[in-house]
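Structural overview for review
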Amino acid sequence: MADVLLSAKDIKIRFGGVIAADGINLEVHEGENLAIIGPNGAGKTTFLNISTGYLRPQAGTVTFLGQDITAHLPRTITKLGIARAFQIPQLFLDQTVMENMLIAAASRQGYPSGFKALSRLPEASEMERLLELVGVRSYAERKARELPEGQRKLVDIALALALKPRLLLMDEPTSGVASSEKLEIMDILTAALAKEKVTSVFVEHDMDMVERYAHRVAVWNVGKIQKVGTPAEVLADPKVQQQVIGI
Amino acid sequence: MTRRIKPITTAAVIFFLVSAVAPLFVSSWATLFALILAKGIVVLGIVLLLQAGQVSFGHAMFFAIGAYTSAFWGKYIGGGDILLYLVLGGISSTVFGLIVGLFVVRYREIFFGMLNLAFSMVLWSLLEKMFPYTNGADGIRVARPGLLGFVFTPETFQYVILYVSLLIAAAAFYGVQRYLESPLGHMLRAIKSNETRLEYLGMSARRVLLIGYVISAFLGGIGGTLVAIIQQIATPEFGFWTKSGEFVFIAILGGGAHAFGAFAGAAMFEWVRFYAAAHLADSWQLILGVVLIVIILYAPNGLIGLRQRYRQSGKRGR
């Protein structure tokens, strides 16, 4: 079996009366695309928030490559090799797509000193390659705010890839995108992840996407993991069909 | 982007050339231009913070620290030199900027602005109340310093301080514009549009803002030192909130999109004040107020945004 990249052990967190995680145990293996599915409010995004340091669990630990990251800040976790793409793309809207990418490249270096212009960073060609890889090279000189939603999603993912992460956590990578574009975006995305050798965890509501692109699926329900398995196993489970998918 | 900046850079070069040459023909302009340049340096610091979407209503504290550093040196140690004053003013404002910055960069928007205001008012109160050391509201006279051992007559000195101010202003302008185009400058802008993403790229937004804040404090101190030398006095008014407001006013007037906005705004402000004060005595603020209203209505991006606006309206007209 492949190495364990991320491991969550007995994670518990609640917001008032809402239980978002109630003893979550999950391992993410190197090289896989793990899909997280479940009804709204089941705690899927909370798991991503805990794994990236945005939230601290009330109990339990999260380790990445064997290192406890439970109390780490998002930026510390990013530097360890976990990147994140958001449900609503988080871009620097007043800057061009290429400037967005170069900021990510500069961030990877730590605190850049000196007065070298951002546009002249040696990473420019590498960033162009990444934009090409996710299919938005033609938007490089456009302001991020001028991009359509689908392209914003791809730039958001390209920003994460610019950090050269080991693990990418994505929250609904195709939400807000026209259904005709979903397959195209996921094709581009999974090809890019495979080329860059990045493991991924993605939260998804569209079962077609899950079936087509996930290696494994974890089913969330009321703060608990109901089932983990291959897409075929999970989606064929009558309980999952009834309680989560709503068939 | 380069194409958009070039005309502004050209305008900046022309401005610095005019500042160097015009006072040779009208001697009363030497002090006027020196003040424009010195205040432009302070406003550069405000423009820097505007990139991150933060407005400081207390930056006069660094202006006062620079000014009082020279004043204290003259009063308690004696002698002095323009370069020594500038080095001391720069160091003291930088150190103070770092201390205050560690607190204020935790806050954003109105809280950032008001916390800066609070710190500046504490300093103003100290300068006012510690009469035995500061002479209270009367301030401290700053004796005319020499430069590298040379002593000057008042007539020559006004040109010496003009050209020193010009050199520093040009260097500060170049340095700040390079900084804004550097990765750190872009990260400062990124704070304004998406601080969360910056953190998720592995950067500390607070630290990025702190670096910008300390640079802006340094610029405030240098500007304050120059104004104290030009006017040969440092008073608590230098640190009063109205002075901070004046710097913000100038930044809005000039525009925050480019470093030249600081000098364009300072030139307009001092020029209007110089001539309006001569004709309207105590009502010169009325003229400035009208100018600001016109700028906000017709050039919301400040004087340096006028060209872009003109081009856009030209395109619409076609």
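Let me begin by describing the structure that accompanies this report. (Residues numbered from 1 in each chain as written. Chains lettered and ligands numbered in written order. Predicted model: local features only at pLDDT ≥ 70, side-chain atom pairs only at ≥ 80, totals over all residues. Heavy atoms only, no water.)

A few points about the overall build of chain B
Helices and strands together make up the secondary structure of chain B, namely 13 helices and two strands. Relative to the globule expectation of 20 Å for 318 residues, the C-alpha radius of gyration of chain B, 19 Å, shows essentially globular dimensions. Taking the principal axes of its C-alpha atoms as reference, chain B extends roughly 60 × 45 × 40 Å. In chain B, which comprises 318 residues, the proportion classed as buried is 54%. Counted over contacts in chain B with a minimum sequence separation of 6, partners at least 24 positions apart contribute 78%. For chain B, the separation between the mean place of its 24 positive charges and that of its 12 negative charges on side chains is 14 Å. (Helix = DSSP H or I, 4+ residues; strand = E, 2+ residues; numbered from the N terminus. Rg over C-alpha atoms; globule rule 2.2 N^0.38 Å. Buried < 20%, exposed > 50% of the residue type's maximum accessible area, 1.4 Å probe, protein only. Contact = heavy atoms within 4.5 Å. Lys, Arg positive; Asp, Glu negative; His and termini not counted. Charge placed at Lys NZ, Arg CZ, Asp CG, Glu CD.)

Here's the deal with empty space enclosed by the protein
All names here are of chain A. Taken as a whole and assessed by the stated rule, the structure comprises one cavity of 30 Å³ or more. Reported here for the largest cavity is a volume of approximately 30 Å³. Around the largest cavity sit Ile11, Ala20, Ala21, Ile24, Gly43, Thr46, Phe47, Ile50 and Trp220, which together line it. Every element with two or more residues in the lining of the largest cavity is listed here: strand E2 (18–29) and helix H1 (44–51). Grouping the constituent residues of the lining of the largest cavity by class yields seven nonpolar, two polar and no charged. (1 Å grid on protein atoms, 1.4 Å probe; cavity = no way out; pocket = protein on both sides within 12 Å on 5 of 7 lines; lining within 4 Å. Points joined across faces, edges and corners; volume = space filled by probe spheres on them. Nonpolar A, V, L, I, M, F, W, Y, C, P; charged D, E, K, R; others polar.)

Observations concerning the pairing of strand E3 (residues 33–37) of chain A
Residue and element names in this part refer to chain A. Of all five residues in E3, five are buried; the element is thus mostly enclosed. What you see with E3 is no split at all: Asn33, Ala35 and Ile37 on one side and Leu34 and Ile36 on the other are buried throughout. Two elements, E3 and strand E8 (residues 199–203), share four bridges in a ladder whose sense is parallel. Its bridge partner being in E8, isoleucine 36 is matched across the sheet by valine 203. Judged from the four bridges that link them, E3 and strand E9 (residues 216–221) form a sheet pairing that is parallel. Within the sheet, the bridge partner assigned to leucine 34 lies in E9 and is arginine 216. (Pairing = 2+ DSSP bridges.)

Observations concerning the nonpolar core
Counting 162 residues, the largest nonpolar core has A:Ile37, A:Leu168 and B:Phe263 as its most contacted members. Here this core takes 16 residues from helix H2 (residues 29–51) of chain B, the largest share from any one element. Setting aside residues up to four positions removed in sequence, A:Ile37 forms contacts with A:Lys44, A:Glu204, A:Met207, A:Val210, A:Val217, A:Ala218, A:Val219, A:Trp220, A:Val234, A:Leu235, A:Val240 and A:Val244. By size, the runner-up hydrophobic cluster in this structure holds 27 residues, among which are A:Leu6, A:Ile24, A:Ile69 and A:Leu169. (Core = buried A, V, L, I, M, F, W, Y, C linked by side-chain atoms within 4.5 Å.)

Some remarks on the environment of B:Asp81
Residue and element names in this part refer to chain B. The residue aspartate 81 is located in the loop between helix H3 (60–77) and helix H4 (82–104) in this model. On the basis of relative accessible area, aspartate 81 is assigned to the buried category, the value being 15%. Aspartate 81 sits 56 residues away from alanine 137 along the chain, and the two C-alpha atoms are 25 Å apart. One polar contact links the side chain of aspartate 81 to the main-chain amide nitrogen of leucine 148, over a distance of 2.6 Å. (Polar contact = N/O pair within 3.5 Å; in protein donor to acceptor, adjacent residues only side chain to side chain.)

Some details on the layout of surface pockets
Of the volumes computed, that of the second largest pocket is approximately 360 Å³. As for the second largest pocket, its lining consists of 19 residues, of which A:Tyr54, A:Leu73, A:Pro74, A:Arg75 and B:Glu199 are closest to the centre. Elements represented by at least two residues in the lining of the second largest pocket include exactly helix H2 (74–80) of chain A together with helix H8 (183–200) and helix H9 (205–231) of chain B. For the lining of the second largest pocket, the element with the most residues is H8(B), which contributes four residues.

Things to note about the sheet that holds strand E10 (residues 224–229) of chain A
Residues and elements named next belong to chain A. If you trace the six strands from one edge of the open sheet to the other, you get E6-E7-E8-E3-E9-E10, paired in mixed fashion. The sheet terminates laterally at strand E6 (82–85) and E10, the two strands that pair on one side only. Looking at each pair of strands side by side, their axes are set apart by 20 degrees on average, direction ignored. Contacting E3, E6, strand E7 (167–171), E8 and E9, H1 crosses the sheet at an angle of about 145 degrees to E7. On top of the sheet, helix H5 (residues 149–161) reaches E6 and E7; it is set at about 155 degrees to E7, its chief contact. (Axes fitted to C-alpha atoms, helices over the stretch in contact; angles between N-to-C directions.)

With respect to the interface of chain A and chain B
A common way to state how big an interface is: give the accessible area lost once the parts meet. The interface is formed by 32 residues belonging to chain A together with 23 residues belonging to chain B. Between chain A and chain B the total buried area reaches about 2600 Å² when both faces are included, carbon and sulfur atoms providing 62% of it. With its nearest N and O atoms 2.5 Å apart, the salt bridge here joins B:Arg197 to A:Asp156. The tally of links between chain A and chain B comes to eleven residue pairs in polar contact (both at pLDDT 80 or more). Sorting the residues of the side of chain A that touches chain B by element identifies H2, E6, helix H3 (97–108) and H5 of chain A as the ones contributing at least two each. The biggest single contributor to the side of chain A that touches chain B is H3(A), with five residues. A breakdown of the residues in the side of chain A that touches chain B according to their chemical character gives 18 nonpolar, seven polar and seven charged. (Buried area = accessible area lost by both parts, 1.4 Å probe. Salt bridge = Lys/Arg side-chain N within 4 Å of Asp/Glu carboxyl O.)

What to know about the packing of aromatic side chains
All names here are of chain B. Counted according to the given criterion, the structure contains 24 aromatic pairs over all chains. Centroid distance tryptophan 124 to phenylalanine 240: 4.7 Å. Interplanar angle 45 degrees. Geometry classified as tilted. With a gap of 116 residues between them, tryptophan 124 in helix H5 (residues 109–129) and phenylalanine 240 in the loop between strand E2 (233–234) and helix H10 (241–254) connect regions that are remote in the sequence. Using a relative accessible area of 17% as the deciding quantity, one classes phenylalanine 240 as buried. A network of ring pairs unites the aromatic residues Phe15, Phe16, Phe173, Phe260 and Phe263 as a single cluster. (Phe/Tyr/Trp six-rings, centres within 6.5 Å; stacked < 30°, edge-to-face > 60°.)

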